[in-house]
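Structural characterization, general
Residue-level listing of the chains:
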Amino acid sequence: MAEKHITAVKGMNDLLPEATALWRPIEDKAKRTLSAFGFGEVRTPILEKTSLFVRGVGEGTDIVNKEMYTFEDGATEGKAGTLVSLRPEGTAPAVRAAIEHSQLTQGALVRWFYLGPMFRRERQQKGRYRQFFQVGAEIYGAAAPQADAELIDAAYSFLRQLDLGELTLEINSLGDAQCRPKYVEALIASLKSRAADLCPECQRRLETNPLRVLDCKSEACQRVTADTPTIDGFLCGGCQEHFRRVLELLDGLGIPYTVNPRIVRGLDYYTRTVFEFVSRETGEGGLGSQSTVCAGGRYDTLIGDLGGPATPAVGFAAGLDRLALLCARNAPASSGPDLAIVPLGDAAVMKALQLASSLRREGLWVDMDLRGSGLKSQMRRADKAGARCVLVLGDSELEQGTVSLKRMATGECVQTALEPDAIRQALQS
Ligand code: HAM
């Protein structure tokens, strides 16, 4: 049956003004912090060829396997179209753009950031949505551990400006093409011996993406993986040294962390460093099982895999929906207009609109009731909106050229000329 009221698509949220008022300062802090680190903003399309994510994020991942919104674009009779997907993440699109616009020339060091919606058809729950927003940052062209450290410092500097409560940084090294296969082999051998105890999903993962078994939230799988081998014992000399130096640099920067050899990440492109900032807030205001607010790592082979020049890279993305949920715990009630103008009569409406227009051009928040209501109703509205000051404009004020500005907190009235400059000064004094 047709819906009477058409509702939003499941897992995709409307952000009403109360929410965007909370989101905007978070986005501003991200942009300001990343600009201070020299990251330039890129905006890539929301739709990309599906093959970008199949090759970039990995065929064995949940994201590519079952969570992408994919359709065939431009099919005509007798001619297949192109498979395109709503982007599930921002790293592969940014790399595609960097290659396409020849940004990765020999010796280049590129710092990019992006902010925007991503799409994954996941099971919806608190902190997990089908359209969600990320702010992400990527560094291309630096293989040295100081790039990992600077990138983590950028994420940490941003996150610590927000009221997020207790947050921990968990970090691991996933090794590289030289050492990781040996670990995966040992892991598979260990998991196979207890395959029957794994959840059905992980029995499948054992064949397609065994590392992800370590990440499974099911208690049965966690019991199995509690004593499987961890990667730290398998890292080659180069990876060990890289990881040691990253940790040393984080110590030097005063960024606290916990090494967690079980962090594996849900995307296939990582090499060496991987990390997650996890919220420890519990209860009502916490994020429950969706507690990772920011995550990333090094991906030294992705650019080459996507057809670009072999270029090392490292990046992170933070989930704005989750950050906003945490910030909402203690958010102060929003403040009201600087001034409410209450005009009475047609002549006063004209003057009030002119006055409001010039004060607004100065950046003041001026409210007016646009419905032609009477004095009482307009005063009630000004009070409810939390206006700091109220100015009543009737025939006598127009004749005399003066008005009385009432400060709502104290009830005090100040006489001032009916001129934008005089009113602005009175508001600011
Ligand atoms: P990711 O771990 O898939 O990494 O996502 C990063 C963050 O996005 C998560 O920690 C979480 O805060 C948020 N997030 C992910 N999925 C959802 C969802 N369904 N609903 C709400 N928030 C979500 C990446 O996307 C990588 N591209 C990060 C990266 C950048 N690695 C290197 N550079």
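Our subject is the structure that appears above.
Procedures and definitions
- Residues numbered from 1 in each chain as written.
- Predicted model: local features only at pLDDT ≥ 70, side-chain atom pairs only at ≥ 80, totals over all residues.
- Heavy atoms only, no water.
- Helix = DSSP H or I, 4+ residues; strand = E, 2+ residues; numbered from the N terminus.
- Contact = heavy atoms within 4.5 Å.
- Areas by Shrake-Rupley, 256 points an atom, 1.4 Å probe, with all protein chains shown as cover.
- Lys, Arg positive; Asp, Glu negative; His and termini not counted.
- Charge placed at Lys NZ, Arg CZ, Asp CG, Glu CD.
- Phe/Tyr/Trp six-rings, centres within 6.5 Å; stacked < 30°, edge-to-face > 60°.
- Buried < 20%, exposed > 50% of the residue type's maximum accessible area, 1.4 Å probe, protein only.
- 1 Å grid on protein atoms, 1.4 Å probe; cavity = no way out; pocket = protein on both sides within 12 Å on 5 of 7 lines; lining within 4 Å.
- Points joined across faces, edges and corners; volume = space filled by probe spheres on them.
- Nonpolar A, V, L, I, M, F, W, Y, C, P; charged D, E, K, R; others polar.
- Axes fitted to C-alpha atoms, helices over the stretch in contact; angles between N-to-C directions.
- Left-handed = near helix turned anticlockwise from the far one by under 90°.
- Near = heavy atom within 4 Å.
- Polar contact = N/O pair within 3.5 Å; in protein donor to acceptor, adjacent residues only side chain to side chain.
- Core = buried A, V, L, I, M, F, W, Y, C linked by side-chain atoms within 4.5 Å.
- Domains from an automatic or database assignment.

**Brief notes about the overall build of the chain**
Regarding its fold elements, the chain presents 15 helices and 16 strands. Summarising its shape, the C-alpha atoms of the chain cover approximately 90 × 60 × 45 Å along the three principal directions. Restricting the contact set of the chain to residue pairs at least 6 apart, pairs at least 24 apart contribute 69%. Put simply, the chain shows about 21400 Å² of open surface, and 50% of that area lies on carbon and sulfur atoms. Computed over 51 positive and 54 negative side-chain charges, the separation of the two mean positions in the chain equals 2 Å.

**Side note on the packing of aromatic side chains**
Scanning the model with the defined rule gives six aromatic pairs in all. Between Phe 275 and Phe 277, the ring centres sit 6.2 Å apart and the planes meet at 80 degrees, which makes this aromatic pair edge-to-face. Across the pair, exposure class does not vary: Phe 275 and Phe 277 are buried alike. These aromatic residues form a ring-pair network of at least three members: Tyr 269, Tyr 270 and Tyr 299.

**A few points about empty space enclosed by the protein**
Counted by the stated rule, this structure contains two cavities of 30 Å³ or more. In this structure, the largest cavity spans a volume of roughly 40 Å³. Lining the largest cavity, in full, are Ala 340, Ile 341, Val 342, Asp 367, Met 368, Asp 369, Gln 378, Arg 381 and Ala 382. Among the secondary structure elements, those contributing two or more residues to the lining of the largest cavity are β12 (339-343), β13 (366-368) and α13 (375-384). Class assignment of the residues belonging to the lining of the largest cavity gives a composition of five nonpolar, one polar and three charged. Looking at the second largest cavity, its volume works out to about 40 Å³. Contributing to the lining of the second largest cavity are Met 12, Asn 13, Leu 15, Trp 23, Gln 131, Phe 133 and Asp 321. Of the residues in the lining of the second largest cavity, the class split is four nonpolar, two polar and one charged.

**Focus: the packing of helix α1 (residues 17-36) against helix α5 (residues 145-159)**
Here α1 crosses α5 at 145 degrees, and the two axes come no closer than 9 Å. As α1 runs across α5, the sense of the crossing is right-handed. Within the contact between the two elements, α1 uses Ile 26, Lys 29, Ala 30, Thr 33 and Leu 34 and α5 uses Ala 154, Ser 157 and Phe 158. Classifying every residue of the contact of α1 with α5 gives five nonpolar, two polar and one charged.

**What to know about the layout of surface pockets**
By volume, the second largest pocket amounts to about 520 Å³. Considering the residues around the second largest pocket, the lining is formed by 17 residues, among which Ala 21, Leu 22, Pro 25, Ala 331 and Pro 332 are closest to the centre.

**Details of the packing of α1 against helix α11 (residues 320-327)**
Helix packing for two helices is described by the angle between their axes and how far apart those axes are. Direction vectors running N to C along α1 and α11 enclose 115 degrees, while the axes themselves pass 10 Å from each other. In this structure, the crossing between α1 and α11 has a hand that is right-handed. Of the residues in α11, those touching α1 at Leu 22, Trp 23, Ile 26 and Glu 27 are Leu 320, Asp 321, Leu 323, Ala 324 and Cys 327. Partitioning the contact of α1 with α11 into residue classes produces seven nonpolar, no polar and two charged.

**Focus: the site of the ligand**
Residues in contact with the ligand amount to 27 residues; listed here are only the nearest, Glu 89, Thr 91, Glu 122, Arg 265 and Tyr 270. Within the side chain of Gln 134, one N or O atom sits 3.0 Å away from an oxygen atom of the ligand. One nitrogen or oxygen atom from the side chain of Glu 138 is found 2.9 Å from a nitrogen atom belonging to the ligand. Alone, the ligand offers 650 Å² of accessible surface; in the complex the protein occludes 96% of this.

**Side note on the side chain of Glu 122**
Topologically, Glu 122 is positioned in the loop between β5 (110-119) and β6 (131-140). On the basis of relative accessible area, Glu 122 is assigned to the buried category, the value being 16%. Setting aside chain neighbours within four positions, we find Glu 122 in contact with Glu 67, Arg 128 and Arg 130.

**Quick word on the nonpolar core**
One finds Trp 112 and Tyr 140 to be the most contacted residues of the largest nonpolar core, which totals 51 residues. The element that contributes the greatest number of residues to this core is helix α4 (residues 91-100), accounting for five residues. Counting residues domain by domain, this core receives three or more from each of domain 1 (17-179 + 235-330) and domain 2 (185-228). Judged by nonpolar contacts, the second largest core, of 42 residues, contains Phe 113, Val 246, Leu 287 and Leu 320.

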